[in-house]
Amino acid sequence: MITGLRQWLLALVVLAFLAGGASRLQRIVRANSAVATAERLRDALGGVRARLDACLATRDGSELRFEALARETRLLRQELDSIEALDPRGVPEEAYDAYLTRVEEYNVAVPQWERQAADLSALALECDSIAQDHNGRVASLRSFLVDEGIWEEEWLGTADRREQGPQIR
């Protein structure tokens with residue numbers, strides 16, 4: 001037979017155990033709640049957005065370098081055409097050394113231009129892929145928020161017009 005004091009101690013231990021279990025269960029429920037899920041989706045979206053922003057910044061810098069090289073290559077070609085047009089019989093002797101120097105510069109610039117054009121195309125495809133992933137995640141998050149009753153669908157009409165997602169040129 002259990003004495004009164006032992007009964008009280010046993011009751012306190014059982015209550016403490018139940019309170020701890022209830023607290024743990026509450027944390028699990030909260031972690032799996034719609035808001036927690038939405039926060040995880042938002043955080044994942046933020047990571048994709050950061051990757052997209054970095055990709056677009058890299059692409060923009062590459063475009064600037066490519067445009068500068070394209071201008072340089074175009075100017076070299078124009079100079080060559082001008083020198084070649086001086087005499088219908090060919091490049092004049094007094095302009096020949098300058099002409100050869102420009103031909104060498106042009107021959108170096110063209111492969112660089114082709115390489116940069118290919119790199120820029122690949123980078124644009126990568127950014128486009130990340131943008132599609134981003135936009136898919138945005139749509140998924142919005143659907144989740146509406147389905148869970150966190151957002152009203154009417155609110156999305158204005159948000160969609162304000163932020164259509166990143167625009168890829």
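Residues numbered from 1 in each chain as written. Predicted model: local features only at pLDDT ≥ 70, side-chain atom pairs only at ≥ 80, totals over all residues. Heavy atoms only, no water.

## A word on a nonpolar patch on the surface
(1) Moving on: Residues Leu 5, Leu 9, Leu 10, Leu 12, Val 14, Leu 15, Phe 17 and Leu 18 make up a contiguous nonpolar surface patch of roughly 870 Å² in combined accessible area.
(2) Moving on: Secondary-structure assignment places Leu 10 in helix H1 (residues 4-31). (Patch = residues over 30% accessible without salt bridge, like charges linked within 9 Å, V, L, I, M, F, W, Y side chains within 5 Å. Areas by Shrake-Rupley, 256 points an atom, 1.4 Å probe, with all protein chains shown as cover. Salt bridge = Lys/Arg side-chain N within 4 Å of Asp/Glu carboxyl O. Helix = DSSP H or I, 4+ residues; strand = E, 2+ residues; numbered from the N terminus.)

## A short note on the state of the cysteines
(1) Moving on: Within this structure, the stated rule accounts for 1 disulfide.
(2) Moving on: Paired through a disulfide, Cys 55 and Cys 127 show a sulfur-sulfur distance of 2.0 Å. Sign of the S-S torsion, about -100° for the bond between Cys 55 and Cys 127, identifies this disulfide as left-handed. Of the two residues, Cys 55 sits in helix H2 (residues 34-85) while Cys 127 sits in helix H3 (residues 96-147), which places them 72 residues apart along the sequence. Just as Cys 55 is buried, Cys 127 falls in that class too. (Disulfide = S-S within 2.5 Å. Buried < 20%, exposed > 50% of the residue type's maximum accessible area, 1.4 Å probe, protein only.)

## Regarding the packing of H2 against H3
(1) Moving on: Running from N to C, H2 and H3 cross one another at 160°; their axes reach a closest spacing of 7 Å. Looking at the two axes, H2 sits roughly antiparallel to H3. The hand of the H2/H3 crossing is left-handed.
(2) Moving on: Residue classes in the contact of H2 with H3 are distributed as 32 nonpolar, 7 polar and 14 charged. (Axes fitted to C-alpha atoms, helices over the stretch in contact; angles between N-to-C directions. Parallel < 35°, antiparallel > 145°, perpendicular 65-115°, else oblique. Left-handed = near helix turned anticlockwise from the far one by under 90°. Nonpolar A, V, L, I, M, F, W, Y, C, P; charged D, E, K, R; others polar.)

Such coordinate-based values are descriptive only and should not be taken to indicate function.
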